[in-house]
Amino acid sequence: RRLLEDSQPAAALCADPKRFALPPGCRTLSLEGKPFPPAVPLVPAGLPAIGFCGEAGGYLIYTSGSTGQPKGVLLSLDGLARLADCFREELGIGPHDTVGQFASISFDASVWEMLMALFTGARLDILPESGRTDPRLFVRQVTDSGVSVLTLPPQFAAQLDARALTKVRLMITAGSQPSVELAEQFSKEMDYVNAYGPTEASVCAAMRVIPKGGGTGGRMSIGRPLPGFTIRIVGAHGRERPPFLPGEIVLEGDAVALGYLHSEKLTRHKFGRRPDGTRIFYTGDLGRLAEHGELEFLGRMDAQLKVRGYRVEPEEIRQALLSLGLCGDAAVAGRRNALGDECLCAYLAAARTTDPAELGRRLGELLPDYMLPEHYLFVEQIPVTSRGKLDLAALPDPFSGSPRDPIRREGGGPAYGAKDFWSDRARSPAGETTRRLGALWREGLGTNPSNDHDSFFQLG
């Protein structure tokens with residue numbers, strides 16, 4: 001009711017209008033008892049170019065609303081035209097393909113899937129919801145329907161056997177960062193794409209395409225911007241960040257949304273324009289420009305945790321865990337102990353080691369001490385929502401003491417002393433910088449990090 005009152009649509013299309021408490025005066029178009037129209041024949045090869053102009057609204061979709069207040073995002077027709085170019089030129093989709101629709105109609109990935117078929121002449125197969133909770137049933141449904149192109153959240157894709165998807169030629173994951181292991185598994189069997197883009201960017205703004213058999217090179221990224229997009233990494237006051245340093249991901253281009261419906265203040269806060277009129281969107285996502293000029297997604301800026309005075313990115317810890325190759329999937333969350341203090345907890349599925357000392361030592365080579373989880377919990381699989389995204393609420397709490405938690409609790413945190421920590425850091429990629437900082441600290445103030453480790457480390 002609230003969404004209809006906010007959007008003021010010309011009509012609401014309903015299977016049975018009597019089932020819904022629609023606002024007064026809302027016109028309805030009922031599908032009840034009406035036959036479906038005949039199937040539209042496939043569009044022949046040599047499709048005409050799709051072109052839109054100006055800043056006319058193409059569609060309105062509501063975000064999930066991390067604050068609990070969904071926002072209506074008004075997307076432009078130019079953004080739809082960019083998607084058409086992406087489907088044909090970047091992904092090679094055409095009348096020979098069958099696109100599987102996995103996403104709910106309320107999720108912007110459904111726009112991606114529907115238009116993927118409508119703009120290319122491919123067939124669209126709406127997959128039954130029963131397969132979302134049964135990976136083996138899902139594989140059968142996809143195979144029986146002859147689906148050749150799939151877009152899935154990484155957490156759901158991780159539950160599938162890539163070798164069983166014999167008719168799928170292109171697997172796309174989006175919504176969160178996949179593990180290197182997941183990308184390797186699928187790229188051996190089919191073309192694989194890791195896509196990135198918020199709702200406000202007409203679904204997709206960047207992607208990394210890995211051809212079948214190409215391999216990941218041991219790294220995972222969101223690749224490069226799609227044509228028509230410019231992506232910048234900025235820090236405080238909008239200053240551009242140097243390569244390898246994290247900052248906010250900022251999108252620029254014609255495919256950026258026109259703004260939020262009936263929310264001028266929020267639109268001014270999140271959107272902007274360059275002098276030439278190019279639209280800008282400040283995503284709130286954390287990323288960096290990494291090796292080979294590719295972009296890395298590091299998580300949400302508003303998902304930061306504050307642990308012992310330090311700001312921590314859970315996704316950064318998760319990616320470090322996955323890079324060790326010691327588990328099939330992982331999640332990192334903050335939990336409050338009996339004293340009310342925030343503690344880092346790492347959840348590992350398909351773990352190759354259950355030794356917290358080894359995990360702490362290996363992670364200590366990649367991360368500073370304050371980012372090491374205090375608890376490691378080993379689960380059968382990482383829980384996901386009905387949309388296939390990480391279900392944080394379903395992760396077991398190590399401090400609850402509930403006997404039903406399907407976990408083995410293990411301690412975590414640093415598994416060795418300060419001297420061992422500094423010795424390991426000296427051998428890490430950042431070791432030379434650490435050593436020089438230590439020398440400057442000793443020369444400037446005459447202190448010794450081995451005796452005054454805490455204050456030295458906080459300064460660093």
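The model shown is predicted, which means the values in this text are computed figures rather than measured ones.

Procedures and definitions
Residues numbered from 1 in each chain as written. Predicted model: local features only at pLDDT ≥ 70, side-chain atom pairs only at ≥ 80, totals over all residues. Heavy atoms only, no water. Helix = DSSP H or I, 4+ residues; strand = E, 2+ residues; numbered from the N terminus. Buried < 20%, exposed > 50% of the residue type's maximum accessible area, 1.4 Å probe, protein only. Lys, Arg positive; Asp, Glu negative; His and termini not counted. Salt bridge = Lys/Arg side-chain N within 4 Å of Asp/Glu carboxyl O. Contact = heavy atoms within 4.5 Å. Pairing = 2+ DSSP bridges. Axes fitted to C-alpha atoms, helices over the stretch in contact; angles between N-to-C directions. Polar contact = N/O pair within 3.5 Å; in protein donor to acceptor, adjacent residues only side chain to side chain. Core = buried A, V, L, I, M, F, W, Y, C linked by side-chain atoms within 4.5 Å. pLDDT = per-residue confidence, 0-100. Phe/Tyr/Trp six-rings, centres within 6.5 Å; stacked < 30°, edge-to-face > 60°. Lys NZ or Arg CZ within 6 Å of the ring centre and 35° of its normal.

### Quick look at the side chain of Lys270
Mapped onto the elements, Lys270 comes out in helix H7 (residues 264–270). For the buried Lys270, no salt bridge is present, and the opposite-charge side chain at shortest range is Glu248, 4.7 Å distant. With near-sequence residues (within four places) excluded, Lys270 lies in contact with Tyr260, Ile280, Phe281, Tyr282, Thr283 and Gly284.

### Examining the sheet that holds strand S14 (residues 259–260)
In space, the three strands of this open sheet follow the order S3-S4-S14, with antiparallel pairing throughout. Of all strands in the sheet, those bounded by a partner on one side alone are strand S3 (57–62) and S14. Two elements, S3 and strand S4 (residues 72–76), share five bridges in a ladder whose sense is antiparallel. Looking across to S4, one finds that Tyr62 is bridged to Gly72. The strands touched by helix H2 (residues 77–90) are S3 and S4; relative to S4, the strand with the most contacts, the crossing angle is about 65 degrees.

### Considering the environment of Glu294
Relative to the helices and strands, Glu294 resides in the loop between strand S16 (279–289) and strand S17 (295–300). When the C-alpha positions of Glu294 and Met220 are compared, they lie 9.5 Å apart, and in sequence the two are 74 residues distant. Apart from residues no more than four positions distant in its own chain, Glu294 is found in contact with Arg208, Arg219, Ser221, Gly223, Arg224, Arg288 and Leu289. Polar contacts involving the side chain of Glu294 include one to the side chain of Arg219, which spans 2.6 Å.

### A few points about the pattern of salt bridges
Taken as a whole, this structure holds 14 salt bridges when the rule is applied. Ionic pairing is found between Glu240 and Arg232, a salt bridge with its closest N-O pair at 3.9 Å. The class for Arg232 is buried, based on a relative accessible area of 14%. Across the salt bridge formed by Arg274 and Glu252, the nearest N and O atoms sit 3.0 Å from each other. Here Arg274 is found in the loop between strand S15 (271–273) and S16, whereas its partner Glu252 is found in strand S13 (residues 247–253), with 22 residues between them in sequence. In this structure Arg274 comes out as partly exposed when scored by relative accessible area, which is 33%. Three or more residues joined by partner-sharing salt bridges are found here, namely Arg232, Glu240, Glu252 and Arg274.

### Some words on the nonpolar core
Judged by nonpolar contacts, the single largest core of 46 residues is most densely connected at Leu91, Trp112, Met116, Ile172, Met207 and Leu251. Setting aside chain neighbours within four positions, we find Met207 in contact with Cys86, Leu91, Trp112, Val193, Asn194, Ala195, Ile222, Gly223, Arg224 and Leu226. By size, the runner-up hydrophobic cluster in this structure holds 24 residues, among which are Ala330, Leu344, Tyr370 and Phe378.

### A look at the confidence of the model for the protein
When pLDDT is averaged along the protein, the result is 80, and 80% of the positions lie at 70 or above. Every residue in residues 443–460 scores below 50 in pLDDT, and together they form 22 contacts with partners more than four places removed in sequence or on other chains.

### Section: the packing of aromatic side chains
Counting across every chain of the model gives seven aromatic pairs. A ring pair is formed by Phe102 and Phe138, whose centres lie 5.8 Å apart and whose planes are at 90 degrees; its orientation type is edge-to-face. One end of the pair, Phe102, is in the loop between strand S5 (98–101) and helix H3 (109–118); the other, Phe138, is in helix H4 (residues 135–145), with 36 residues separating them in the sequence. Through pairs of rings, three or more aromatic residues link up here, namely Phe102, Phe138 and Phe156. Cation over ring: Lys71 sits above Tyr260, and NZ or CZ is 5.6 Å from the ring centre. Directly above the ring of Phe102 sits Arg132, whose terminal nitrogen or CZ lies 5.2 Å from the centroid.

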